[in-house]
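Read off the chains here:
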Amino acid sequence: MSLGGLSLNLRSSGIYIAFALIIALFSVLTDGALLTPQNISNIIVQNSYVLILAIGMILIIIAGHIDLSVGSVVAVTGALSAVLMVNMGLPWPLALLITLVAGALIGAWQGYWIAYFGIPAFIVTLAGMLLFRALTLTVLGNQGIGPFPDQVRTLANGFTNGYLGNIGLGPLGGADLFSLLIGLVAIAGMFASQWRSRNARKGYGQTVEPMALFVLKLVAGAALILFLVVQLARFKNLPWVLVLLAVLVLAYSLMANRTVFGRQIYAIGGNLQAAVMSGVKVKSVVFWIFVNMGVLSAIAGIIFAGRLNQAGPTAGNSFELDAIAAAFIGGAAVQGGVGKVVGAITGGLIMAVINNGMSLIGSPSERVMLVKGIVLLAAVAFDVWTKRRAGVSR
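Going by what an unreviewed UniProt entry lists, the protein chain is known as Xylose transport system permease protein XylH and is assigned to Nonomuraea terrae. Of the protein chain, the UniProt comment under Function (unreviewed entry) reads exactly: "Part of the binding-protein-dependent transport system for D-xylose. Probably responsible for the translocation of the substrate across the membrane." Recorded in UniProt for the protein chain, the comment headed Subcellular location (unreviewed entry) runs: "Cell membrane".

This is the structure in C-alpha cells:
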C-alpha cells in the first residue's frame, strides 16, 4: 500500500493503525474519559496478567502450537502461592520462587508429552486445563485464601514512588519527574534499537523501508510512549506491573529477534521439515517454550491473586482465550512462523481498550463479547487476505 509515495506494509503495520483507530473511536464515544490518567492506569493494571500470558502464547503460536491450559495454571499457581504465604507463613520471596518453579514444572510436564511423546499440544493442554482446574478446586474448595503480603499486593496494584518530585507541565498540571525521565530513556532505547536493526538489515543486503516512513514510525512510537508516561505520571506514577511488563517485553523481544533460540522458534513454525534438516533440535525447543509458558503463567497467577488480594477457585477463567486472541489480533499467523511479542501486547491492549471503552459507555456484556469476537475474526481474516495477496501458500 502506498501513502504519499511511502510504501506501507499492511501486514506488519495494520495492527498499529487499527489500534490507533480504536482508541480514537472510544475517545470520542466516551468524551475523552478513555484517555484520562486514572483510566489509562486502570487499563494497564486490570489487564496485566493477560498481557503477560500473551508474551508466552505468541511464542507457542509462532512455533505452530497452542496452549489451552494457561487459565487453569494461573489458578493453581495463584492457589499455591496463597497456601505458601498465607497458610504456611513462608517469606514472600521464597514463596514466589517456589511458585515459579512449580509453574516451570507444569510447563515441563506438558512440554514432555508434546515434544517427546508426540501428543498434539491441543490435546495435552486441553487435558491440562481440566487437570489443573481440578487441582485448584482440590486445594481451595469453594473458598479463597488471603490476604496476601503487602509486597505482593504492591507488585500487582502499587505504583513507583516520586523519587525526584513533581515538575510542572503547564495546563496539564504536575507530573512525576522520575517517571518522565524513564519515558525519555525508553524512547531513546527504542530509537537506538530500531536504528541498529535497520542498519543490520542493510548490512545483510535486505530490503528496508524508506527513511521517511522509518522516521514517521519512530516519531509516532515516541509520541505514544511520551503520552502514556505523561498521563501515568500525572496520576500515581508508573504502576509496578507496567515496569515488570516493560522488562518482559524487552527481554522476550530481544530473545525472539536476536538469539539463535528465537530464530529456531520461527524456523519450526515456518517450515518444520526445513528446520529439522537444518539441524534445529525441534523437540528441545518445543519443550522449553512450554516450560517458559508455565513460568509466565505462574507470574500471571501471582499478579492476579495479588490484585484481588486472594486466590480464588474461579481465577483464570477464559484467560487462555484472551491470550490466544491477543496473539492472533496482534499479527500471529494461524499456521505459525509469524508474529512479534510487541504485536501480541498490542493485540492484548486492543482487547483491553474494547472492554474498558464499552464499559464506560454502558454496553452490556453480551455486546462486548460480540465486538471482541468480530475483532478476532477480522484479524484472522486479514491475515489470510494478506497472505493471498502476497501469493503465499502454506
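Moving on from the model shown.
A. Layout of unusual backbone geometry. Its identity is not glycine, yet D31 carries a phi of approximately 55°, on the positive side. By secondary structure assignment, the location of D31 is in the loop between α1 (10-29) and α2 (37-62). A residue is classified by how much of its surface remains accessible, and D31, at 74% relative accessible area, is exposed. Within the chain, N309 stands out as a residue other than glycine whose phi angle is a positive 65°. Take N309: it is sitting in the loop between α12 (282-308) and α13 (319-329).

B. Structural view of the nonpolar core. I52, L53, I55, I58, Y252, I265 and L296 are the most contacted members of the largest nonpolar core, which has 67 residues in total. If you look at the next biggest cluster of nonpolar residues, it comprises 18 residues, including I15, I22, M351 and V353.

C. Spotlight on the environment of A332. Considering the arrangement of structural elements, one finds A332 in the loop between α13 and α14 (341-360). Residue A332 is classed as buried on the basis of its relative accessible area, which comes to 2%. Considered as a pair, A332 and Q110 are 222 residues apart in the sequence and their alpha carbons are 22 Å apart.

D. Focus on the pattern of salt bridges. For the structure shown, the criterion picks out 2 salt bridges. Note that D150 is salt-bridged to R153, the shortest N-O span being 2.6 Å. Here R153 and D150 lie together in helix α6 (residues 150-157), a separation of 3 residues that amounts to about one turn. A relative accessible area of 49% means that D150 is categorised as partly exposed. Between D322 and K372 there is a salt bridge whose closest N-O contact spans 3.8 Å. Taken together, the positions of D322 in helix α13 and K372 in helix α15 (residues 365-390) put the pair 50 residues apart, joining distant regions of the chain. Among the residues examined, D322 registers a relative accessible area of 22% and is labelled partly exposed.

E. Seen up close, the packing of α2 against α14. At a minimum axis distance of 8 Å, the contact between α2 and α14 shows a crossing angle of 140°. α14 is crossed by α2, and the crossing has right-handed handedness. Residues N39, I43, N47, L51, A54, I55 and I58 of α2 touch α14, and the partners they reach there are V341, A344, I345, G348, L349, A352, N356 and L360.

F. Summary view of the packing of aromatic side chains. Taken as a whole and judged by the stated rule, the model has 9 aromatic pairs. Between Y112 and W113, the ring centres sit 5.3 Å apart and the planes meet at 70°, which makes this aromatic pair edge-to-face. The class of Y112 is partly exposed, set by a relative accessible area of 39%. Residue classification places W113 among the partly exposed positions, given a relative accessible area of 25%. One aromatic cluster is present, formed by W109, Y112, W113, Y116, F117, F287 and W288 through successive ring pairs.

G. View of α12. Relative to the 39 Å expected for 27 residues at 1.5 Å per residue, α12 spans 39 Å between its end C-alpha atoms, a close match to the ideal helical length. Taking burial as the measure, the 27 residues of α12 include 21 buried ones, the bulk of the element. Looking at the residues trailing α12, positive phi occurs at N309, about 65°.

H. Region of interest: the domain arrangement of the protein chain. Here the domain parsing of the protein chain yields domain 1 (20-158 + 240-390) and domain 2 (166-238). In this structure, domain 1 and domain 2 have C-alpha centres spaced 25 Å apart. Between domain 1 and domain 2, the contact holds 11 residues from the first and 10 residues from the second. Carbon and sulfur atoms supply 70% of the area buried between domain 1 and domain 2, which totals about 910 Å² over both sides.

Reading guide: rules and limits
Residues numbered from 1 in each chain as written. Predicted model: local features only at pLDDT ≥ 70, side-chain atom pairs only at ≥ 80, totals over all residues. Heavy atoms only, no water. UniProt positions renumbered as here; feature names shortened; annotations may be inferred. Helix = DSSP H or I, 4+ residues; strand = E, 2+ residues; numbered from the N terminus. Buried < 20%, exposed > 50% of the residue type's maximum accessible area, 1.4 Å probe, protein only. Core = buried A, V, L, I, M, F, W, Y, C linked by side-chain atoms within 4.5 Å. Salt bridge = Lys/Arg side-chain N within 4 Å of Asp/Glu carboxyl O. Axes fitted to C-alpha atoms, helices over the stretch in contact; angles between N-to-C directions. Left-handed = near helix turned anticlockwise from the far one by under 90°. Contact = heavy atoms within 4.5 Å. Phe/Tyr/Trp six-rings, centres within 6.5 Å; stacked < 30°, edge-to-face > 60°. Expected span 1.5 Å × (residues − 1). Domains from an automatic or database assignment. Buried area = accessible area lost by both parts, 1.4 Å probe.

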